[in-house]
Amino acid sequence: MLGERIPLNVGNIQVTGNCSPCSFNESGPFKITFPLGNYTIFYIAPSRDYHLQGTFETPYSVNITLPPDYDVHNPLLAEISHGADIISNTDNSTTLRWNQTMSFDLRFYDKNRETLLYFFGNIWIVIAIAALLPFIITFRRRG
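It should be emphasised that the depicted structure is a prediction, and the values quoted were computed from it without experimental measurement.

Caption draft 1: Examining the overall build of the protein more closely. Looking only at helices and strands, one finds 1 helix and 10 strands in the protein. The linear arrangement of helices and strands in the protein, starting from the amino end, is β-β-β-β-β-β-β-β-β-β-α. A compact globule built from 143 residues should have a C-alpha radius of gyration of about 15 Å, whereas the protein, at 23 Å, is more than 25% larger. Along the first, second and third principal axes, the C-alpha atoms of the protein reach 80 × 40 × 25 Å. Each of the 143 residues in the protein was classed as buried or not, and the buried ones make up 17%. In the protein, 66% of the contacts between residues at least 6 apart in sequence involve partners at least 24 apart. Here the protein carries 10 positive and 12 negative side-chain charges, and the mean point of each set is 14 Å from the other.

See below:
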């Protein structure tokens, strides 16, 4: 969020709207232009570290659909910026929707990270019980 903007290298750009087909011009690297109107832009881009964020100069509606392998429901592993609606779809994918936002921030996770969280959580519970067990036993003997 701080510093200069870093352009995103995307592919398979599609512009849809009230036109058929909607055309756009690539005006230089990392920039597309199209006539003024109401459009939806689809593109495919790599994500880094299970984290997506974006900022805009004017408010936009943003929809992000995560495939079934990814999730955002565990607050220990995921972080979602304010104002998002989370929609669980019938195909086990998850859609996040921000209406008229100037920025969004999304951290998501895969099933392996959730499994690791529960695994290490259980290990720490066992360590805590093992560490507290001598105190509990000596406390009961005194009483």
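Caption draft 2: Representation of the pattern of salt bridges. Applying the stated criterion across every chain yields a total of 2 salt bridges. When the shortest N-O distance is used, the salt bridge between Lys111 and Asp71 registers 3.7 Å. Residue Lys111 is found in helix α1 (residues 111–142), and its partner Asp71 is found in strand β6 (residues 70–71); the two are separated by 40 residues along the sequence. Two residues, Glu79 and Arg107, come together in a salt bridge whose shortest N-O distance is 3.1 Å. Taken together, the positions of Glu79 in strand β7 (residues 79–80) and Arg107 in strand β9 (residues 94–107) put the pair 28 residues apart, joining distant regions of the chain.

Caption draft 3: Quick peek at the state of the cysteines. If you walk through the whole model with that rule in mind, you get 1 disulfide. A disulfide bridge connects Cys19 with Cys22, and the sulfur atoms are separated by 1.7 Å. Across the S-S bond linking Cys19 and Cys22, the dihedral sits near 110°, which makes this disulfide right-handed. In this structure Cys19 comes out as partly exposed when scored by relative accessible area, which is 31%.

What counts and how
- Residues numbered from 1 in each chain as written.
- Predicted model: local features only at pLDDT ≥ 70, side-chain atom pairs only at ≥ 80, totals over all residues.
- Heavy atoms only, no water.
- Helix = DSSP H or I, 4+ residues; strand = E, 2+ residues; numbered from the N terminus.
- Rg over C-alpha atoms; globule rule 2.2 N^0.38 Å.
- Buried < 20%, exposed > 50% of the residue type's maximum accessible area, 1.4 Å probe, protein only.
- Contact = heavy atoms within 4.5 Å.
- Lys, Arg positive; Asp, Glu negative; His and termini not counted.
- Charge placed at Lys NZ, Arg CZ, Asp CG, Glu CD.
- Salt bridge = Lys/Arg side-chain N within 4 Å of Asp/Glu carboxyl O.
- Disulfide = S-S within 2.5 Å.

Nothing here speaks to function; it is all geometry.
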